[in-house]
Structures are given as structure tokens and as C-alpha cells.
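Observations on the model geometry
Letter by letter, the chains look like this.
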Amino acid sequence: MRSTSKIAIGIIAIVVIVAAVASYMYLSQTGTQLEPATLNGAGATFPQPFLNATITKYTQNVRTNLQINYQGVGSGQGISSLIAKTVDFAASDAPLSASQRQQAPNALHIPETIGAVTIAYNLPGVQSGLQLTGQVIAGIYLGTITNWNDPAMQSLNTNLTLPDHAITTVHRSDSSGTTRIFTKYLSNVSSTWASQVGSGTSVQWPGGLGASGNAAVAATVNQTQYAIGYVELAYALQNAMSVAAVKNPAGNYISPTLASTTTAVQSGASSGLPAGNQDWGNVSLLNTQAAQAYPIVSFTYLLVYQELNVTSGMDKNKATQLVQFIWWVVHSGQDLAPSLQYAQLPANVVQIDETSIQSITFDGQHLPTS
Amino acid sequence: MVREQICMIKKLAGDNLFKILTAIVAASAAVILIVNAGTLIGGSLPVLQRFGTYFFTGTTWNPVEGRELFGALPYVMGTLVTSAIALLIGVPISLGIAIFLAEMAPKAMKVPVSYLVELLAAVPSVIYGLWGLFVLRIWMQNYIETPLSTYLGWIPIFSGTPFGLDIFTAGVILAIMIIPTVASVSREVINAVPDSIREGAYSIGATKWEVIRYWVLSYGRSGIFGAVILGLGRAVGETMAVTMVIGNAIGPVAMPTSLFKPGQTMSSLIANGFLESTTPIEKSAYMGVGLILLLVSLLINIGAHIMVTRVLKVKGGAVE
Amino acid sequence: MSASYIFRKFKNSLFFGLCLVCVIIAVVPLLSILYEVIMRGAPQLSLQFLTKSGLEGGIGPAIQGTLILIGLTSLIGIPVGVLSGVYLAEYGNNKYAASMRSINDVLTEFPSIVVGITVFSVIVLGVTGSYSPIAGAVALSFILIPIVARTTEESLKLVPTSVREASLALGVNKWKTTLRVVLPSARAGLVTGTLLAVARIAGETAPLILTILGNSYFFQGFNAPMDALPIRIWTDARQPYAEVQAQGWSAALILILIVLSLNIGVRLASRGRLGR
């Protein structure tokens, strides 16, 4: 009997030790078992179709216990929410300005996709083929070119008969990164624009109709004859709009397509990009040199704090979920981009993003990216 | 003896405690006012210090970094012009309703009709805006603005291509929204006119209409004027309905020079732009506009209440 | 009959006719609003639509948010408002009360966007650090309290002094008199006034835009953005997609049902008592 109880004790001891070791190993596993969480983001409408697609795919297939609430309220409100730390991440087509970087210290710029700003128009009788230069577009928005058959317009379009009618310009009434891209382009190509109006997420438009959001600009142009507006490519396509071919520095009139956007990215983003926590204010994919590049192209950024414990309501679980979501977006999520007419990030940009994402911490601890 | 005195002290203590407690709670009114005014004043100091009087007289609204310049004049004008349109259209209609209810309507109709008019006041502002954006705007554009623009477009206030989302439509919606207020107060003013005045007028052979026009309305004119000012106060403070139909213009082009131009009021500017402001000075500019709005609204409402309570001799509480 | 008399009679009929026209002009928008809200909003209504979250195409979070806001606001605002009204009615014959009374009158017509800015600055930025249902409730309370204070005061003043005197004559304290005798007598007016005030704040939008922001998901805690019917209407109306706009109309239908049934219900119930 005594030997049986010794054996029994021995077996129990082994079981207990094995169980203890196993539990320890199990509990110290990081990453694969995340708890449910909800992330809140706000910002640009420019990448919204792409972001919505990635959010849907990710929360339905990869992390079903995650909810991501993204409000497309405009880059400006996204940035101000980031500064106020009332959201977990922001999306913006405009990088942070110097003063914004001061108000949001150690915020990271993570380009997640690339889009093009198209010049959409509603011209009865002219379904396609309108050609414009940057100078002419600036003139239209400045109010110096007021009629569709103005000689400056007609001379670019010798194979079209432009009607005699006033041009109605449509612009963004909300604070918008798309506006910043567009006005930066206009400032590049027109010194009059640069001195009179300048560039920014919100400028003082010399007239025209205002609409809130890319989708609303698209709808307004569609509903208003003889109107012209600037709209992100995905929205122009979604709404089957006529878009103009714009002259690029190489002298070619290029229509905005996935191909011409990608060419611009490959040409303009091949080198010289800053690290995530540096100033991205001078990064520009506008007017790149390649022969077939569309001239009005831009990165759009996810903005997060490098140290996530400054955001209200953040905890380690949420921070990990956020990091893993962003990692997914810049890797597997890129597969969703082409069908929505967004260009995929080139490899060198993905690398910069990887470095940025890996630098994200919570309470000083780095977070696993998958 | 002592027990009774203790009892009495306890009673008094309880009463005093209650009185003090409720007095403190009643101070909530002052607290709310001070918190609002204080936040706005504190928040507008930066923009006022930086731009001074330009903020009140200038028209530029430029948040571009390095070129910041903020002038609130177009939005003050927008508020005043839309409110003026609201009064021009809404007051006659309100008086018509008030006269109908006070003098014309058979007893059986008074209650249902006044219910209906009061229901106008119950509809939330955002639903007015929704209706305005999808329904009223189309009516205005097709049936009122386009004909006016075609035939009278040479008159400056009718210039420009009408899109329906402009100062005119905003004014019309405000007119509808102030009708319940102005109509119900005017009705009470008319009812408060002593019958002896009416009888005196009838006795010299005046028709019913003449009695109203020459005797009743003039007797009650300061009360009616107070009702109008109350309506003005409501129009000035209205935000959502106006924001959805006014067209959202910014900068010098927002000056209301034509009825058919997209415009902007102080409240719609804030509703549209406050959350997006990223620089502190821009936020301060919105707060400054809020401060001007607050002051204008306070002035008008204080004036209105003084006038109305003086005439009706009831507390302002009887009127909406 | 002299010509001028006929003319005067004609003017008489003309102007009264115009007054009738004014009434009709005022009623047309109301009927149009009701018609449009029902025609455009009803088709989407279904149990699914009312209970699903925003991502699934429903307005469940908005309805939940409005109910939560009504609850929180009432919790904060009704006690404060009623007690203020009690003070003004029962002890209110002095300068302090007079100034509080005037301030309340003025506050009822405050531009609500200003309340939004204030609560955003003080609570969203200062206290909670995030958009929050509490901030929304506080903003709505700022609007509710003056209204409830005023209607409470009026209802209490309608209670005859004989009632109070009888109670005091029996030896009851003033405060017990107020709480146990006067308030219950004024119950009808209090309930009416409070419900009307609640109906009013249920429809407020401007303060909510700046304090709870909106959310496609159901309630996520007191430190997160939340949806509400007025916000849903405001946001959806400005989207150019027809399906989303239709959702806004449906949210408007639900909101108007809530608000109008409160209004009509209250007035029907009080009609008997007040003998209007």
C-alpha cells in the first residue's frame, strides 16, 4: 500500500508540474489571443472607400472580435481629433503641418494608400476627352476664366466644341486633405494662385459652390450642368463622371487611371522619403517626371501616436489590435486597392511603414504586429 | 416647554435647510450662463487680441497657415439678413393667424387650429433642415427663384443663378419656424386688449376689420412688437435648419449681397467648421463668432422679454 | 348703401380671407413635413432596420443613443430644474430669485450651438478627454433645466395659497408642505411641462454634434462617441447616396413620432384638467 501511495503522489506531482509549466507557457503567449475591442478613427473621405473595404475584410475574416468605427468627417476634423486625443487613429491626405506636429508630438505618418485627384466635369455634349492644364484649372477656380468656351480652354481642345456657358466651380466646404492636394498642385503650377489663395486643407475660395466630402462634391457636379469639381478618383469612377486629362511636366495629357497613378508613385516615391515621425510636409507626388504619370497624385496617411497610452481609453489590448490592423492594411490590405482604383504602396514605402508600426509602443512596450 | 422649543427649532432648521438647498440649486441658471459666457470669452481672447476690430469688420476667413486672417462680418450680416427675411415673411403670416384665432375663428376651430400651429413648434430643427434640403429647396428653386431670376434678375438682390441653397431659402425656413412663437404671443396680446376699446369702435360704425386694424393692433402694438422681437431672437439662435439649406459660403463671397447667393450665418459657420479647426487660432476664431452670436442673442431676448412682460403683465414664462 | 361702405365691407372680407390664407400657409409646411417624413421614411422601417447597427444598414444605435440621452438628461436635469422651480415659486420674492428667473428666461432661447461649444471645451476636452454620452447629457441638461425650472414655477404658482395655508395651519413644516402637498397638487402641470421639455431636447442636434459625434455601433461606454437620432439625420442628409439619405428620413420618422406623441399626448391629457 505504501508503494501505491508513493506512486500516486509521484504521478500527481508530475501532473501538477506539467500543468503548471503548460499553463505558464500558455499564459505567456502574446498576440494570438486578443480580447474584443472597438477602435475609433476619424478623418479623410479621400481614402474612405479603401478604408471601408479593409475594415470590412479585416473585422469579418481576420479579427472577428474587433469593431472599427471610422467616421469620414474630413482630414481637418481627423487631425483635430487626433490632437485632442479623442480618437484612436486619424486618416488624412494632408500631412501634419509644423504647428500641428507641435500639438500632436510623436505622431506617426503611415501612408496606407495612394489616390489621385481628378477634375470632374458635367458638360452637356462633351462626355469625354476634355484636356486641361494646371494653369487653366487655376484660372477657372480663380475666376479669371469664367466661360467654357474661353479661348484658353478652346485652344487646348481643338477637336471639341465647347459651349458658351458660365462655369460653376465646386469645391470642398469642409476642411479637406483633398483640398490640400489640389491647392498645392495649383500653387505649384500658378504663381497667381500661390500668392492669392495658397494651399491648405481649407482655403478662401474665390466663389463657387461648396459641398461637404468627396462624395458630395461628386454628387453636386453630377446634378449641376456646366459644373466642374475636384474629386478623388474612386468617387469619380463610382459616380461614372467625366474626368479631364491633365497635362503633366513631360508635356502629355494624362487621364487619371490606376496605371497613370501608379506610374506617378513609382517615379516620385522612389527615394527621399522621411521616417514616420518626421516631417512629411514636403513629400509630394505632384507633377512627377515620368512621361505617363498623372500629375495630381498623393499619399494618404494614417496618423497614430507613437506612444499609445496618451490616447484616452487606450489599453494594451486595444493598442495591439490597432497595431495589427494597420500592419495588415499596409500588407495584405493592399490587395484590395486596385479594384477600387487606389494604387498599391511600393515596397520601399511599405518598409518605412513597417519601421514606423514596429516603433509603436504602449506604456513603453513594443507591440506584436501579428 | 423645552420639548416644544426643540421641536420648533428642528422645524425651522428643516425649513431653512430646504430653503437654502433649493436656493443653491436655483443658482444653476447663473452657473449655466457663466460657464457658457466664460468659455466663449476665454476662448475668443486669442483671436480678438490678434485681430482686434478686424474681427468685427473684416470679411476674410483664411485659415491657411501663415496667412491666417479672420473676419466675422459676413456671418453677422448673414444672420441679420436671414432673420430680416424671416421677419418680413413670418410676421404678417403670424399676425394673420393671431387675428384669425383671436377674432375670427368659431369656437370649435380655435383649439384644433392652435394645436396645429403649436405643432409647428414641436418639430425638431434638424427635421426642418432635412425637409428644407430635399423638399423646400426644390420648390424654392423651381417655383420662386428661377422665375424671379429670369424676370427680375437685373435687380441686384435677385442676381446670380439660383440653386435653392441660399439665403432666401434659409430665410423662408426661419419664417416658418418663428410663426408659432410670434402667432401665439400676438394672439395673447390681441386677447388682452379690453373689449371696451372694441365696443367703442363698433359704436361709431367701424367694420370688424377696421376695429382690428385701427384700434386693436395699435393698442397692442408694443406687445406685438415684443412678439416680433421674440421671433427675431428665435431666428438668430436657430442653427440646424439654417445650416442645411444656406449653402455654406466662406469669406468675402459670403456677404449677403443677393438672395440667391449661398451664404452663412454665425451659427451655421460654427456648426460646419468648429470641429475641423486644427490650429488654436482657428478654434479661437470660431469661439469669437460664438461670442458675438451669444451677445446678439442675449440683447435681443432681454429686450423682447422686457417688452412682452411689460405689456402682458405676466412673467415671460407664459409665452414660448 | 354708399360706395365707400361697400368698399369697406369688401376690404373686411378681403382681409379676413387673407388671415385664413395665412393659417393655411402655416399649416402647409407642417403637413408637407409629415407627409414627406412618412413617405420617404416608412419604406425602410422593419424590425431589422430598427435594431441593427449602422454597418448593417440599421439605425438601432441611433434609437438607443436617443433613449440613453433622454434618460441621462432627465436624471441630471429634472431634479435640478424642479428644485429650482420650487425655490422660485415658494421663496421667490426677492432680488436673487428675480435675477435667476430672468436668467432662466434668457437661457431658454440660447443658441444651442453655443452650448455645444461650451460643453465640448469643458467636458470633452477637459473632463472626459473623449466624445462622451455624459457630455451630450450635460449639454442637453443646460437646455432642459431652464425650461423645467420655469414650467415648475408656473405650475406651483397655480396651486392656490389656501392649500398651503391649510397644511401649515395643521402644523406641517413648510418644506414638508411643499413636497407632500403642493408638488402633488401641481403634478399635472409638472408632468406636462417636463415631458414637453424632454420632447424638445430629444430633437436637439447642434450640441450633440460637438459632444457625442456619432457612431455606427451600439453604446460603447461613457468615454466613447455615441449615435443619436438627430445626429443620424444630420449626417445622412448630407451624404449623396440615396440609400443613406433614406435612412436619414427613417430616423426623422422615428424622432418625429417620439416628439409628436409626447406633445400630443401631453396636451390631450391636460386638456381635461385645465379645461381649455
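What counts and what doesn't
Residues numbered from 1 in each chain as written. Chains lettered and ligands numbered in written order. Predicted model: local features only at pLDDT ≥ 70, side-chain atom pairs only at ≥ 80, totals over all residues. Helix = DSSP H or I, 4+ residues; strand = E, 2+ residues; numbered from the N terminus. Buried ≥ 20, exposed ≤ 12 C-beta atoms within 10 Å, placed from the backbone. Contact = placed C-beta atoms within 7 Å. Rg over C-alpha atoms; globule rule 2.2 N^0.38 Å. Nonpolar A, V, L, I, M, F, W, Y, C, P; charged D, E, K, R; others polar. Pairing = 2+ DSSP bridges. Domains from an automatic or database assignment. Core = buried A, V, L, I, M, F, W, Y, C linked by C-beta atoms within 7 Å. Expected span 1.5 Å × (residues − 1). Bend = angle between axes of the 7 residues up to and from the residue. Right-handed = clockwise from strand over helix to strand, strands pointing away. Axes fitted to C-alpha atoms, helices over the stretch in contact; angles between N-to-C directions. Parallel < 35°, antiparallel > 145°, perpendicular 65-115°, else oblique. Left-handed = near helix turned anticlockwise from the far one by under 90°.

This next bit is on the overall build of chain A. Of regular secondary structure, chain A possesses 13 helices and 14 strands. Projecting the C-alpha coordinates of chain A onto the three principal axes gives extents of approximately 110 × 35 × 35 Å. Per-residue burial over chain A gives 52% buried out of 370 residues. Across chain A, contacts joining residues at least 24 apart in sequence account for 74% of those joining residues at least 6 apart.

Take the overall build of chain C next. What chain C contains, in helices and strands, is 12 helices and zero strands. Element order for chain C, N to C, with α for helix and β for strand: α-α-α-α-α-α-α-α-α-α-α-α. The C-alpha radius of gyration of chain C comes to 23 Å, more than 25% above the 19 Å expected for a compact globule of 276 residues. For chain C, the C-alpha atoms occupy an extent of roughly 70 × 65 × 35 Å along the three principal directions. The buried share of chain C, taken over its 276 residues, is 51%. Counting only contacts in chain C whose residues sit at least 6 apart along the sequence, the fraction spanning at least 24 positions is 73%.

We now examine the interface of chain A and chain C. With 15 residues of chain A at the interface, the matching set in chain C holds 18 residues. Contributing elements (two or more residues each) for the side of chain A that touches chain C: strand E1 (37–43), strand E2 (66–71) and helix H9 (214–223) of chain A. A per-element tally of the side of chain A that touches chain C places H9(A) first, with four residues. Residue composition of the side of chain A that touches chain C, grouped by class: five nonpolar, nine polar and one charged.

Residue and element names in this part refer to chain A. With respect to the helices and strands, Ala234 occurs in helix H10 (residues 233–238). In this structure the C-alpha to C-alpha distance between Ala234 and Thr118, which are 116 residues apart in sequence, comes to 9.4 Å. Excluding its chain neighbours within four sequence positions, the residues that come into contact with Ala234 are Pro49, Gly115, Leu340, Gln341 and Tyr342.

This part covers the sheet that holds strand E10 (residues 245–247) of chain A. What links the strands of a sheet is backbone hydrogen bonding, and the strands pair in either a parallel or an antiparallel sense. Within the open sheet, the three strands sit side by side as E5-E10-E11 (chain A). Their pairing is mixed. Two strands bound the open sheet, and with one partner strand each, they are strand E5 (131–132) and strand E11 (253–254) of chain A.

Residue and element names in this part refer to chain A. Each domain of chain A was delimited in the assignment, giving domain 1 (37–115 + 299–366) and domain 2 (116–268). Between the C-alpha centres of domain 1 and domain 2 the distance comes to 28 Å. Residue-level contacts link 21 residues of domain 1 with 22 residues of domain 2. Breaking the side of domain 1 that touches domain 2 down by element, the ones donating at least two residues are helix H3 (75–84) and strand E4 (107–122). Among the elements that take part in the side of domain 1 that touches domain 2, H3 stands out by supplying three residues, more than any other.

Before going further, it helps to spend a moment on the interface of chain B and chain C. Counting residues at the interface gives 71 residues for chain B, matched by 73 residues for chain C. Element by element, the count of residues in the side of chain B that touches chain C is highest for helix H2 (residues 28–51) of chain B, at 10 residues. Of the residues belonging to the side of chain B that touches chain C, the class tally is 46 nonpolar, 19 polar and six charged.

It is worth spelling out the nonpolar core at this point. Residues and elements named next belong to chain B. By size, the foremost hydrophobic cluster in this structure holds 284 residues, and its most contacted members are Ile97, Ile127, Ile173 and Ile179. Of the residues forming this core, the biggest block, 16 residues, is contributed by helix H7 (residues 167–192). Contacts of Ile173, omitting those with residues within four sequence positions, involve Tyr128, Gly132, Leu136, Ala241, Val242 and Val245.

Turning to the environment of Leu259(B), a few remarks are in order. Residue and element names in this part refer to chain B. Note that Leu259 resides in the loop between helix H11 (240–245) and helix H12 (266–273). Note: C-alpha distance between Leu259 and Gly171 (88 residues apart in sequence) is 9.3 Å. Once residues within four sequence positions are removed from consideration, Leu259 is found in contact with Ile157, Phe158, Asp166, Ile167 and Phe168.

A word on the pairing of strand E12 (residues 297–305) of chain A. All names here are of chain A. For E12, the buried fraction is high: nine of the nine residues fall into the buried class. Burial along E12 is two-sided: the residues Val297, Phe299, Tyr301, Leu303 and Tyr305 and Ser298, Thr300, Leu302 and Val304 are all buried. Bridging between strand E3 (residues 89–92) and E12 involves three bridges; their strand directions are antiparallel. Of the residues in E12, the one forming a bridge with Ala91 is Leu302. As judged from the nine bridges shared by E4 and E12, these two strands associate in the antiparallel manner. Its bridge partner being in E12, Thr113 is matched across the sheet by Thr300.

As a further point, take H2(B). Residue and element names in this part refer to chain B. Its 24 residues give H2 an end-to-end C-alpha distance of 34 Å, which sits within 8% of 34 Å, the value for a rise of 1.5 Å per residue. At Leu45, H2 shows its strongest bend, of approximately 40°, with the proline Pro46 following within four residues. Looking one or two residues past H2, Gly52 carries a phi angle of roughly 60°, positive in sign.

Quick look at the pairing of E1(A) now. Residue and element names in this part refer to chain A. Taken across its seven residues, E1 has six buried, putting it largely inside the fold. Relative to E2, E1 is paired through six bridges, and the arrangement is parallel. Bridge pairing links Ala42 to Gln71 in E2. Where the polypeptide runs from E1 across helix H2 (residues 48–62) and back to E2, its parallel neighbour, the crossover connection is right-handed. As paired strands, E1 and E3 are joined by three bridges and run parallel to one another. Residue pairing in the sheet places Ala42 in a bridge with Ala90 of E3.

Our focus in this paragraph is helix H12 (residues 316–330) of chain A. Over its 15 residues, H12(A) runs 21 Å from end to end, which matches the ideal 21 Å to within 8%, given 1.5 Å per residue. Buried within H12(A) are the following residues: Lys318(A), Ala319(A), Thr320(A), Gln321(A), Leu322(A), Val323(A), Gln324(A), Phe325(A), Ile326(A), Trp327(A), Val329(A) and Val330(A).

Moving on: the packing of H2(B) against helix H5 (residues 112–128) of chain C. Running from N to C, H2(B) and H5(C) point in directions that differ by 75°, and their axes come no closer than 9 Å. When the axis of H2(B) is compared with that of H5(C), the two are roughly perpendicular. Judged by residue contacts, Val35(B), Asn36(B), Thr39(B), Leu40(B) and Gly43(B) of H2(B) engage Val114(C), Val115(C), Ile117(C), Thr118(C), Ser121(C) and Val122(C) from H5(C).

Before going further, it helps to examine unusual backbone geometry. Look at Asn287(A): it is not a glycine, yet its phi comes out positive at around 50°. Inspection of the secondary structure assignment puts Asn287(A) in the loop between helix H11 (258–268) and E12.

The relative placement of two packed helices is expressed as an angle between their axes plus a distance between the axes. Residues and elements named next belong to chain C. Two elements in contact, helix H7 (residues 161–169) and helix H8 (residues 174–185), have axes whose closest approach is 10 Å; the angle formed by their N-to-C orientations is 140°. Of the possible angle classes, the one that applies to H7 and H8 is oblique. The chirality of how H7 crosses H8 is right-handed. Within the contact between the two elements, H7 uses Val163, Arg164, Ser167 and Leu168 and H8 uses Lys174, Thr177, Val181, Val182 and Ser185. Here the residues of the contact of H7 with H8 are counted per class, giving four nonpolar, three polar and two charged.

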